[in-house]
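Secondary and tertiary structure notes
Here is what each chain is made of, one letter per residue.
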Amino acid sequence: MEAQAGSAVSSGGARHKLLSAALSLVREKGYSSTSVDELCAEAGVTKGAFFHHFKSKDALAVAAANHWSEITGAFFATAPYQQLKDPLQRVLGYLDCRKAILKGELAEFTCLVGTMVQEVYGTSPEIRAACEASICGHAAKIEADIVAAMKQHRLRARWTAASLALHTQAVLQGAFILAKATGDVSVAAASIDHLHRYIELLFNTGKHKAKDKA
């Protein structure tokens, strides 16, 4: 996803190389199992360069979470589904987009912040907060479309747009975990399909009305 979205950071700098190495290695090996030496080797920089830019591995993790937010934010902001006029279709288009990028090795499409926060939520408040900001910040963007969809489709519900937006992230993170546990990406794709159908049912779309009458 990083290559697709691009980056505001210079591609030739040691800092950017270390951030890219973190995105790659942490998603592949986990945060605790990734050493500073491995990060330097992957980035092709010296340990002195590492500590010039980051005072610790945790500091790199916080920066990597922020970098991840920038990359994924840019990617989804320019995705084709953003051009859809109906906000509900944008929400569903977002899920279709998430399913479409389930390609390659698991480390290539799973979530950096979701991976890190599972390991360090109780031991590193700084990393946990950075991961929370990334996940919840992404959910807030989806929430805006859900609010608009509820208004346009005149939907009144006991649940909130914020809770549904966070639920999409819970399903996606859970789908990644299942894919890792089973080694089967189709399990993640099926989870996204279920979420897609669930949201359609919440909005009681004509498609499902027609199926119910058949």
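This text goes with the structure placed above it.
My aim in this report is to walk through the structure given alongside it, one point at a time. (Residues numbered from 1 in each chain as written. Predicted model: local features only at pLDDT ≥ 70, side-chain atom pairs only at ≥ 80, totals over all residues. Heavy atoms only, no water.)

What follows covers the state of the cysteines. Per the counting criterion, the structure on display carries zero disulfides. With no disulfide of its own, Cys-131 lies 7.9 Å from the sulfur of Cys-111, the closest cysteine sulfur. (Disulfide = S-S within 2.5 Å.)

One can describe the packing of helix H2 (residues 14-29) onto helix H8 (residues 112-120) by two numbers: an axis separation of 9 Å at closest approach and a directional angle of 60°. As far as their axial angle goes, H8 and H2 are oblique. The way H2 lies across H8 gives a crossing that is left-handed. Residue-level contacts link Ala-22, Leu-23, Val-26 and Arg-27 of H2 to Leu-112, Thr-115 and Met-116 of H8. Class assignment for the residues of the contact of H2 with H8 results in five nonpolar, one polar and one charged. (Axes fitted to C-alpha atoms, helices over the stretch in contact; angles between N-to-C directions. Helix = DSSP H or I, 4+ residues; strand = E, 2+ residues; numbered from the N terminus. Parallel < 35°, antiparallel > 145°, perpendicular 65-115°, else oblique. Left-handed = near helix turned anticlockwise from the far one by under 90°. Contact = heavy atoms within 4.5 Å. Nonpolar A, V, L, I, M, F, W, Y, C, P; charged D, E, K, R; others polar.)

A few words on the packing of aromatic side chains. Counted by the stated rule, this structure contains seven aromatic pairs. When the centroid spacing of 5.1 Å and the interplanar angle of 80° are considered together, the rings of Phe-75 and Phe-76 count as edge-to-face. Judged by its relative accessible area of 12%, Phe-75 is buried. Classification of Phe-76 as buried rests on a relative accessible area of 5%. Ring centres of Trp-159 and Phe-203 lie 6.3 Å apart, and the angle between their planes is 65°; on these two criteria the pair is classed as edge-to-face. Residue Trp-159 is found in the loop between helix H9 (125-152) and helix H10 (161-182), and its partner Phe-203 is found in the loop between helix H11 (185-202) and helix H12 (206-213); the two are separated by 44 residues along the sequence. (Phe/Tyr/Trp six-rings, centres within 6.5 Å; stacked < 30°, edge-to-face > 60°. Buried < 20%, exposed > 50% of the residue type's maximum accessible area, 1.4 Å probe, protein only.)

Structurally, Gln-82 can be placed in the loop between helix H5 (57-77) and helix H6 (87-100). Apart from the residues within four sequence positions on either side, Gln-82 is in contact with Phe-76, Ala-77, Arg-90 and Asp-145.

What follows deals with the side chain of Ser-134. Its place among the elements puts Ser-134 in helix H9. Of the polar contacts made by the side chain of Ser-134, one reaches the side chain of Ser-69; its length is 2.8 Å. When near neighbours in sequence (up to four residues on either side) are disregarded, Ser-134 contacts Ala-65, Trp-68, Ser-69 and Val-113. (Polar contact = N/O pair within 3.5 Å; in protein donor to acceptor, adjacent residues only side chain to side chain.)

Take a negative patch on the surface next. Together, Glu-28, Glu-42, Glu-105 and Glu-108 line one region of the surface with negative charge. Structurally, Glu-28 is set in helix H2. (Patch = residues over 30% accessible without salt bridge, like charges linked within 9 Å, V, L, I, M, F, W, Y side chains within 5 Å. Areas by Shrake-Rupley, 256 points an atom, 1.4 Å probe, with all protein chains shown as cover. Salt bridge = Lys/Arg side-chain N within 4 Å of Asp/Glu carboxyl O. Lys, Arg positive; Asp, Glu negative; His and termini not counted. Charge placed at Lys NZ, Arg CZ, Asp CG, Glu CD.)

Glancing now at H11. With 18 residues, H11 should reach 26 Å at 1.5 Å per residue; the first-to-last C-alpha distance of 26 Å fits that figure. Downstream of H11 by one or two residues, Asn-204 has phi in the positive range, about 50°. (Expected span 1.5 Å × (residues − 1).)

In this structure, Arg-154 takes a positive phi of about 55° despite not being glycine. With respect to the helices and strands, the residue Arg-154 is situated in the loop between H9 and H10. The class for Arg-154 is exposed, based on a relative accessible area of 77%.

This part is about H8. Of all nine residues making up H8, seven are buried, and the element is well covered by its neighbours. Of the positions making up H8, those classed as buried are Leu-112, Val-113, Gly-114, Thr-115, Met-116, Val-117 and Val-120. Buried residues along H8 sit in contact with H2, H5, H9 and H10.

Going through the model one piece at a time under the given rule, you end up with five salt bridges. Measuring nitrogen to oxygen at the nearest pair gives 2.9 Å for the salt bridge that ties Asp-145 to Arg-90. Placement of Asp-145 in helix H9 and of Arg-90 in helix H6 is noted, with a sequence separation of 55 residues between them. Owing to a relative accessible area of 16%, Arg-90 belongs among the buried residues under this scheme.

A word on the packing of H2 against helix H3 (residues 36-43). Between H2 and H3, whose axes approach to 8 Å, the crossing angle comes to 120°. The orientation of H2 with respect to H3, classified from their angle, is oblique. For H2 against H3, the interelement crossing comes out right-handed. Residue-level inspection shows Lys-17, Leu-18, Ala-21, Ala-22, Ser-24, Leu-25 and Lys-29 of H2 in contact with H3, the latter providing Glu-38, Leu-39, Cys-40, Glu-42 and Ala-43.

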